[in-house]
Structures are given as C-alpha cells and as structure tokens.
Amino acid sequence: MTSITALDYYTDATEHAQWGERLTACGKAAGVTVEHRSVPGASLVPQVLRQASSRTLPDLLMLDNPDLQQIARTGALTPLDRYGIDAAGYTEGIRSAGTYQGKVYGLAPTVSTVALFYNKDMLAEAGVAVPKTWDELKTAAAELTRPGRYGMAVDANATFEGSWQFLPFLWSNGGDETRLDTPQAAQALQLWVDLVRSGSMSKSVLNWTQADVHDQFVAGKTAMMVNGPWRMSAMNKTKNLHWGVAPLPVRRPGQTLVTPLGGEVWTVPQNSSEARQRKAARVVACLNDSANMLALAKQYHTVPSRSSVAARYAEQAPSMAAFVKSVQGARSRTGKLGVAWPRAATGIYTAVQAALTGEQTPQEALRHAQRIATGS
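These lines cover the structure that appears in this document, whether it is placed above or below. Here the residue index of a chain counts from 1 through its sequence in written order. The model is predicted, so local features are restricted to residues of pLDDT at least 70 and side-chain atom pairs to those at 80 or more, both for listing and for counting; the totals for chains, interfaces and linings are taken over all residues. Excluded from the side-chain calculation are hydrogens and water; included are all heavy atoms of the structure.

### Observations concerning the overall build of the protein chain
Then comes step 1: Helix and strand assignments follow DSSP, with helices taken as H or I runs no shorter than four residues and strands as E runs no shorter than two, numbered in order from the N terminus. Helices and strands together make up the secondary structure of the protein chain, namely 16 helices and 13 strands.
Then comes step 2: The atom set for the radius of gyration is the C-alpha atoms, and the globule formula is 2.2 Å times the number of residues raised to the power 0.38. Here the C-alpha radius of gyration of the protein chain, 21 Å, is about what a compact globule of 376 residues would show, namely 21 Å.
Then comes step 3: Seen through its principal axes, the protein chain has C-alpha atoms that stretch 65 × 50 × 35 Å.
Then comes step 4: The classification of residues rests on relative accessible area computed with a 1.4 Å probe and restricted to protein chains. Under 20% of the type maximum is buried, over 50% is exposed, and intermediate values are partly exposed. In the protein chain, buried positions account for 56% of the 376 residues.
Then comes step 5: Here the Shrake-Rupley method, with its probe set to 1.4 Å, supplies the accessible areas, and only the displayed protein chains count as covering residues. Approximately 15,300 Å² of the protein chain is accessible, and the part contributed by carbon and sulfur atoms is 50%.
Then comes step 6: If you average the places of the 37 positive and of the 30 negative side-chain charges in the protein chain, the two averages end up 3 Å apart. His residues and chain termini do not enter the charge count, which takes Lys and Arg as positive and Asp and Glu as negative. A charged residue contributes its charge at one atom only: NZ of Lys, CZ of Arg, CG of Asp or CD of Glu.

### Observations regarding the packing of aromatic side chains
Then comes step 1: Between rings of Phe, Tyr and Trp, where Trp is taken as its six-membered ring, a pair exists when centres lie within 6.5 Å; planes separated by under 30 degrees are stacked, by over 60 edge-to-face, and by other angles tilted. Overall, the coordinates contain twelve aromatic pairs when judged by the stated rule.
Then comes step 2: A ring pair is formed by F117 and F323, whose centres lie 5.8 Å apart and whose planes are at 45°; its orientation type is tilted. Here F117, found in strand β8 (residues 115-119), pairs with F323, found in helix α14 (residues 321-328); they are 206 residues apart in sequence, far enough to count as distant.
Then comes step 3: The exposure class of F117 is buried, given its relative accessible area of 0%.

### Observations regarding the sheet that holds strand β10 (residues 222-227)
Then comes step 1: A pair of strands counts as paired when DSSP detects no fewer than two bridges linking them. Pairing is mixed in the open sheet, where four strands are placed in the order β9-β10-β8-β11. Edge strands, defined here as strands with exactly one partner in the open sheet, are β9 (150-153) and β11 (243-246). Ignoring which end each strand starts from, the neighbouring axes of this sheet average 15° apart.
Then comes step 2: Residue contacts follow a heavy-atom distance rule, with two residues in contact if any of their heavy atoms lie within 4.5 Å. For helices, the axis comes from a line fit to the C-alpha atoms of the stretch in contact; other axes are also lines fit to C-alpha atoms, and the angle between any two N-to-C directions lies between 0 and 180 degrees. The strands that helix α6 (residues 134-144) touches are β9 and β10; relative to β10, the one it contacts most, it runs at about 140°.
Then comes step 3: Along the sheet face, α14 touches β8, β10 and β11 and points at about 15° away from the line of β11.

### Some points on helix α15 (residues 341-356)
Then comes step 1: A helix's residues, less one, multiplied by 1.5 Å, set its expected span. For α15, spanning 16 residues, the distance from its first C-alpha to its last is 23 Å, which sits close to the expected 22 Å at 1.5 Å a residue.
Then comes step 2: Burial analysis of α15 places twelve of its 16 residues in the buried class, which makes it a mostly covered element.
Then comes step 3: Of all the residues in α15, the buried ones are W341, A344, A345, G347, I348, Y349, A351, V352, Q353, A354, A355 and L356.
Then comes step 4: Residues of α15 that are buried make contact with α7 (160-172), α8 (183-197) and α16 (362-374).

### Examining the state of the cysteines
Then comes step 1: Two cysteine sulfurs form a disulfide in these notes if their separation is within 2.5 Å. What the rule picks out here adds up to one disulfide.
Then comes step 2: Covalent S-S linkage joins C26 and C286, the inter-sulfur distance amounting to 2.0 Å. Because the sign of the S-S torsion sets the handedness, a value of about -70° for the bond joining C26 and C286 places this disulfide among the left-handed ones. With C26 in helix α1 (residues 13-30) and C286 in helix α11 (residues 274-287), this pair connects stretches of sequence that are 260 residues apart.
Then comes step 3: Overall, C26 belongs to the buried group, its relative accessible area being 2%.
Then comes step 4: Judged by relative accessible area, which is 15%, C286 ranks as buried.

### Some points on the environment of T5
Then comes step 1: Assignment of secondary structure puts T5 in strand β1 (residues 2-8).
Then comes step 2: Taking the relative accessible area as the measure of exposure, T5 reaches 29% and is therefore partly exposed.
Then comes step 3: Separated by 69 residues in sequence, T5 and T74 have C-alpha atoms that sit 20 Å apart.
Then comes step 4: Apart from residues no more than four positions distant in its own chain, T5 is found in contact with E35, P58, D59 and L60.

### Brief notes about the pairing of β10
Then comes step 1: With respect to burial, β10 is a largely interior element, six of its six residues being buried.
Then comes step 2: In terms of strand pairing, β8 meets β10 through four bridges, oriented antiparallel. From the neighbouring strand, Y118 faces β10, where its bridge partner is M224.
Then comes step 3: Looking at chain direction, β9 and β10 are connected through three bridges and run parallel. Bridge assignment links A153 to a residue of β10, and that residue is M225.

### Some remarks on the sheet that holds strand β12 (residues 264-267)
Then comes step 1: Taking strand neighbours across the sheet as the criterion, the five strands line up as β2-β1-β3-β12-β6 in an open arrangement whose pairing is mixed. Every other strand in the sheet has two partners, leaving β2 (32-38) and β6 (106-107) as the edge strands with one partner each.
Then comes step 2: Of the strands in this sheet, β1, β2, β3 (60-64) and β12 are in contact with α1, which crosses β2 at around 155°.
Then comes step 3: Packed on one face of the sheet, α11 meets β1, β2, β3 and β12 and runs near 55° to β1.

### A closer look at the packing of α8 against α16
Then comes step 1: For the pair α8 and α16, interaxial distance at closest approach is 9 Å and the crossing angle is 125°. Considering the angle they form, α8 stands oblique to α16. Between α8 and α16 the crossing geometry is right-handed. Counted together, A185, A186, L189, Q190 and V193 of α8 and P362, Q363, A365 and L366 of α16 form the full contact between these two elements.
Then comes step 2: Class assignment for the residues of the contact of α8 with α16 results in seven nonpolar, two polar and no charged. For classification purposes, angles smaller than 35 degrees are called roughly parallel, those larger than 145 roughly antiparallel, those between 65 and 115 roughly perpendicular, and all remaining angles oblique. Handedness of each helix crossing follows the sense of rotation of the near helix against the far helix: counterclockwise by less than a right angle gives left-handed, clockwise gives right-handed. Note on residue classes: Ala, Val, Leu, Ile, Met, Phe, Trp, Tyr, Cys and Pro are nonpolar, Asp, Glu, Lys and Arg are charged, and everything else, Gly too, is polar.

### Focus on the packing of α7 against α15
Then comes step 1: Contact geometry for α7 and α15: axes closest at 9 Å, N-to-C directions at 85°. With respect to their mutual orientation, α7 and α15 come out roughly perpendicular. For the pair formed by α7 and α15, the contact residues are F160, S163, F166, L167 and L170 on the first element and W341, P342, A345, T346, I348, Y349 and V352 on the second.
Then comes step 2: Residue composition of the contact of α7 with α15, by class: ten nonpolar, two polar and no charged.

Any functional reading would require information that these geometric values do not contain.
In structure tokens, the structure reads:
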C-alpha cells in the first residue's frame, strides 16, 4: 500500500492519537497508509517554509488558517479544485480562510470563535441579565464585581491571541483592520479601558492568556469571560460550576456581531508525485465529509464547517448554539489584508496594551497602531 506523510501541530498526546486514528481511517478509505507527525505550533510554519524551499514538504499539511496565505504565496500548495474537492455549503468566512488569490487551498473540517461565558449562579444572585449591549455589559460587570472577584475578564496580552479577543468588539462596531485609527475602533478600545478603569476588569488582563482567563473563571474570580468552546471540557469537569454561554454583546441593538474565525485547514502541498497528491486530496475530502465534521465537533467542542451540519449539531448540543450562530457571520483574519494581517494584528495588541495601561488614549494608541500596520 502507498504511504503518505501528514504534518500538524497536535502535539498533545491524546489529541495526536485521536487525529492519528482519524487520518488512518481516511487513509484506509483512500487506499494509503498515513505516517502522522506533529511538531510544536511555533515551529510548524518555519519548518514548512524550509521544506518548501528544499522541496521536502509532507503530502498532507495542516495549517492554522491565518498562516495559509503566507504558505500559499510561496507556491508550496496545490488548489483543491484540481482534485474535484468542492467548497460548497461553507459560509463565506470559512471558505475565505482557506483561499489565496481566489483559489481554495485549504479546508477546515471544523472551526471555532469566541463568545461570552457567564457564571449562572453569580448572575442570578446579583439579579443581572446576560448582557446584549456594551452598556449592559459595563453595568453587569460592575454589579458582579465583589472583593476577590471581577465582573469581566478578557485576554488583552501582547500577542496575536490578544488581538483575536479584541476583534469582535472592533469588527461588530464597524471598525476595520484596513484602517485602525477610526472612531469606531476607538469606541471599542474605550470599552475595554472603561472596564479596567472602573475596576470591573483586572489590570492583569494585560498579561493573561485565554487559558489564564479560563482559570480565573473556574476559580470563581470572574463572573464573565470572553473565551472559546475548547474550554468546555474542562469547565464541565469543574464541580459546582454552572455556566452559560451567549453571543458577545454589540455596542447598540441592531448591530451585527462579527467574530474572528479560528480553526485549522488541511492542504495538499506540491510534490514530485501526482499520484500521492491525489491520495492526499482524498484524505482531505474524507476529513471534510459530514460524518467526520460532526465527530470532530463533538470530540473537540468545535463547529462543523458546513452550515447544514452545524445546524444539526446545534440541536444536538445546545451549549454550542451560541458558537454555531456566531460562526455564521465570522470572518477570516486574513480575509481583507492577506499576508499583511500579522502587521495589523501587532498594531492592535500594541494599542490595547498602551490604552489599558493608560500610556495613551485609545485614539493615540490606534494612530500608532495604524503606523505599525502600514509599516510607516
């Protein structure tokens, strides 16, 4: 039997084993053996760029969706329509996450985004309703704050993760990464500043990761948080934690919530064997069939990428309904800027840090962010 290689960043032992089983099953259906390797997330892209230049790429490659543009630009990937793989039934945001210059190079079996988690007992005790607008969020966070407990928590650290958490507030208010120094962007940043200044949100958010935010929430040190569905397994194992999840609030009623799209795409790199590329493409198609989408979504608390499968899943898993709804309008981070996205992301988290520490006003911080984004 032909053997093909697969590379991803699922280094966690359990996750690596689970993906190994899925790749083996899809390989069997395609008539190949899949040799599965995982490398740490931070080293995947540098390794792939080296392999692209030495023409030693794996047959199957998983990429975090914002990294696809950079790899596709090198000519290292093959467009999936060459193998008859269809991207129909995916929302525009999900399709664009795997697209470079009009061609689909990668497809994600499942995706994720962020939403508002809240402690049901704390809200009930304070007589607070789940906030739907920014004003309601500020009021609720203030009423939920007690000694030893904050009302709200976000990840505002100086990484792309911090930018990712800020995007729903920026985008839903009409702000845009193509122009960061706008009144709409300043309003979004002012919201986070107000939450910290009022004491409803800890200044430590400047250093917290999404994992830290989750730890604060399960420890009862924050009543609400912005986080992703991948935290649900751990929350479900926490005794006496009664949590709910809702779409993130928007500035005013009637605004459309726009969240960033997370998730990994599977691609077929260029190599010397057309036959191996075709086999790899069959594995990509298999990973993206409805049965695998549903199984992966249940396993990892993610959202199936095809809208029809996602709708079915929301009925089966009510706690995922907020994420299924949010994903419908979610946007790819590279959708507008392509390979220039990392500069904008750097500008965003730099502005968040400057405004939350009080070094600069939101307007000043965003003017600086725009300079970083444009390299001027």
